[in-house]
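Observations on the model geometry
Here is how the chains run, residue by residue.
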Amino acid sequence: MPLTLASLVHHSALKLTVRAGEERLATPVRWAHASELADPVPYMEGGELLLITALKLDAEDPEAMRRYVRRLGQAGVAGLGFAVGVHYATIPDALVDAAAEEGLPLLEVPRRTPFLAISKAVSAAISAEQYQAVTAGFAAQRDLTKQALSGGPAGLLAALAGQVDGWAALYDATGAVAASAPEWAARRAARLTPEVERLHARTPPASLVVGGEADRVELHTLGTSRRPRAALAVGTGAPLGTAERYAVHSAIALLTLTTERSRSLHEAELRVGAAVLRMLLAGEPEHARTAAGSLYGDLLDAPYRLIIAEETSATAARAHADGRTAPHGAPPPPAAAPHGAPRPVDAPRPVAGERAVAAPVRAGEPPAGPLAALAEHVEAAAARAGEALLVVPDGERLVLLTADGGAAARACVGYAAALDQARTTGQAPAGRTDEPVMGLSAPAGPIAAATAYRQAEQALSVARRRGRALVEHEEVAAGSVVQLLSDDAVRAFADGLLRALREHDATGRGDLVASLRAWLSRHGQWDAAAAELGVHRHTLRYRMRRVEEILGRSLDDPDVRMELWLALKATSGTE
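In what follows, the accompanying structure is described. Computed from a predicted model, the values in this text were never measured in an experiment.

Aromatic ring pairs: the centre-centre distance and the angle between the two ring planes describe each pair. Enumeration over the complete set of coordinates arrives at two aromatic pairs. Here the aromatic rings of Phe82 and Tyr88 are separated by 6.1 Å at their centres, their planes lie at 55 degrees, and the arrangement is tilted. Across this residue pair, the class does not change: Phe82 and Tyr88 are buried.

Below, the structure is given as structure tokens:
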């Protein structure tokens with residue numbers, strides 16, 4: 001309990017008498033200071049008991065005393081102690097009246113009580129208070145440690161809320177409330193999510209104080225990494241005292257240890273997840289279940305979806321490697337490994353009918369950048385719903401195995417929708433080329449993991465071409481193949497195939513491209529195609545012979561007809 005003027009008045013050895021300001025004796029005293037200056041205010045910090053003998057004051061001048069006392073009140077002086085029997089036998093009425101008007105406590109100090117005794121009493125009381133606060137802080141630390149070991153973060157928050165006589169909440173990396181104490185505090189904590197997101201943008205360790213109508217909230221980042229993995233909120237009705245401050249700092253340290261331990265466990269789970277994914281893709285679901293144990297619950301048995309995500313910059317590099325033009329001026333990809341070079345031991349086995357799975361990064365290495373933000377968002381959604389989730393960093397990609405129709409899959413779709421919305425409305429940062437692009441497979445079972453991976457890759461490829469954040473495989477399967485032709489490499493092939501015909505038409509010697517399109521669209525029916533063009537069928541036959549002569553290819557070959565038709569469709573928007 002802080003030292004107050006009332007405590008000093010009740011101190012039996014000091015024999016102090018209250019002459020004014022009785023209603024403010026509960027004012028805390030930070031220190032006792034003696035000064036005979038006519039204006040000691042420049043040397044005051046506030047909260048002091050000022051001790052005087054009025055050596056240089058005209059204590060009998062009412063106006064001078066009003067100015068003097070007013071200055072002390074404005075400076076935050078806790079009270080005034082006047083020693084009688086030194087220069088004045090009693091406290092002058094002018095000073096008593098001025099103190100009463102200002103509401104400043106005025107204490108009469110008897111002749112036999114030296115100022116040194118008052119200073120010692122104040123110092124002893126402050127030291128006792130600090131010792132008590134430190135002792136209480138250590139006790140709080142022991143209690144919080146015990147609760148953290150037995151009840152985890154939830155038990156620690158409950159103990160902390162009791163220590164500070166308020167509430168406490170824990171946020172995950174996305175800013176969502178992960179736990180709170182008492183339970184009603186979850187609603188209050190949820191309203192602070194924007195402030196938590198703002199705090200996460202700072203370099204840790206960072207803190208923020210938010211003032212509400214009914215409480216005062218302190219926000220603190222948790223963890224030692226460059227990106228905070230969690231945050232703590234502590235709400236109280238008043239600023240924290242010394243003991244409460246010790247408790248909060250202890251909670252921050254314990255939760256940071258818990259967070260770092262969780263990160264180590266998370267990295268171990270990534271290594272296990274990479275092994276489980278390799279087994280699933282290799283067609284060994286039983287071995288995958290054995291390796292996973294109870295880590296992923298029934299995720300590997302129930303219908304699941306596989307999601308492949310990569311950054312837009314990686315997409316551009318992949319497009320360049322495939323012979324397509326990289327958008328946004330993206331740099332070329334790193335040089336590929338020499339033909340026949342061995343695959344890293346961590347790489348999943350290639351599955352027949354699909355390209356080899358990209359070699360994962362060093363085992364257990366978490367994703368970084370936008371992929372890390374995506375992983376945190378999906379993991380937080382899965383944690384809140386109590387769902388199992390398999391997350392595997394895979395080179396420049398991120399592979400996620402989620403329950404079909406679960407919260408994690410919905411979170412991934414919602415994340416992509418927000419990215420598309422930002423691009424559509426122009427809210428995406430200019431020049432950003434590192435946002436995630438995702439492909440989502442159809443629902444699959446344990447024996448169809450390789451198929452799901454292939455479907456997710458196909459959907460990812462379509463998402464690249466369409467400039468969308470996410471494409472589901474159902475869209476690829478249900479859509480038209482024509483949509484797949486909007487690729488730079490396909491258009492380049494089409495332009496090259498039809499260039500000679502267009503150059504012929506440009507000389508005015510016939511409309512071979514339009515005639516070819518009409519003939520192919522009418523399945524080679526001469527009369528129907530000629531009628532569409534408004535020419536005689538013999539004219540159309542002549543034009544088709546010219547097409548064969550110019551291209552050096554026979555229209556009787558179905559493969560040639562297919563290539564020409566796709567070339568015409570791929571370039572239909574450019575003519």
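On we go from here.
Our focus in this paragraph is helix H15 (residues 512-521). The buried fraction of H15 amounts to seven of the ten residues, a majority that puts the element mostly inside the structure. Of the positions making up H15, those classed as buried are Leu512, Val513, Ser515, Leu516, Ala518, Trp519 and Leu520. Among the residues trailing H15, His523 stands out with phi positive, at a value near 55 degrees.

Judged by pairing direction, the sheet is mixed, and its five strands sit side by side in the order S1-S5-S4-S3-S2 without closing on themselves. Edge positions in the open sheet fall to strand S1 (17-20) and strand S2 (31-34), since each of these has one partner strand only. For this sheet, the mean inter-axis angle between neighbouring strands, taken without regard to orientation, is 30 degrees. The sheet contact formed by S1 and strand S5 (residues 106-109) spans three bridges and is antiparallel.

A sheet is described by the order of its strands in space; here five strands give the open sequence S7-S6-S10-S9-S8, paired in antiparallel fashion. Every other strand in the sheet has two partners, leaving strand S7 (177-181) and strand S8 (207-211) as the edge strands with one partner each. Taking the axes of each pair of neighbouring strands and ignoring which way they run, one obtains an average angle of 15 degrees across the sheet. Alignment of strand S6 (residues 167-171) against S7, held across four bridges, turns out to be antiparallel.

Moving on: the pattern of salt bridges. Under the definition given, this model contains 22 salt bridges. For Asp495, the salt bridge identified is with Arg502, shortest N-O distance 3.9 Å. The class for Asp495 is partly exposed, based on a relative accessible area of 32%. Look at Arg502 and you get partly exposed, because its relative accessible area is 26%. Taken together, the shared-partner salt bridges connect Arg305, Asp404, Glu472 and Glu474 into one network.

Moving on, we get to a nonpolar patch on the surface. Judged by side-chain polarity, Met562, Trp565 and Leu566 come together as a nonpolar surface patch covering roughly 260 Å² of accessible area. Note that Leu566 resides in helix H18 (residues 558-570).

The end-to-end C-alpha distance of helix H12 (residues 449-466), which contains 18 residues, comes to 25 Å, matching closely the 26 Å that a straight helix rising 1.5 Å per residue would cover. Counting buried positions along H12 gives 13 out of 18 residues, so the element sits mostly inside the fold. Once H12 finishes, Gly467 follows within two positions and takes phi at roughly 70 degrees, a positive value.

Conventions adopted
- Residues numbered from 1 in each chain as written.
- Predicted model: local features only at pLDDT ≥ 70, side-chain atom pairs only at ≥ 80, totals over all residues.
- Heavy atoms only, no water.
- Phe/Tyr/Trp six-rings, centres within 6.5 Å; stacked < 30°, edge-to-face > 60°.
- Buried < 20%, exposed > 50% of the residue type's maximum accessible area, 1.4 Å probe, protein only.
- Helix = DSSP H or I, 4+ residues; strand = E, 2+ residues; numbered from the N terminus.
- Pairing = 2+ DSSP bridges.
- Axes fitted to C-alpha atoms, helices over the stretch in contact; angles between N-to-C directions.
- Salt bridge = Lys/Arg side-chain N within 4 Å of Asp/Glu carboxyl O.
- Patch = residues over 30% accessible without salt bridge, like charges linked within 9 Å, V, L, I, M, F, W, Y side chains within 5 Å.
- Areas by Shrake-Rupley, 256 points an atom, 1.4 Å probe, with all protein chains shown as cover.
- Expected span 1.5 Å × (residues − 1).

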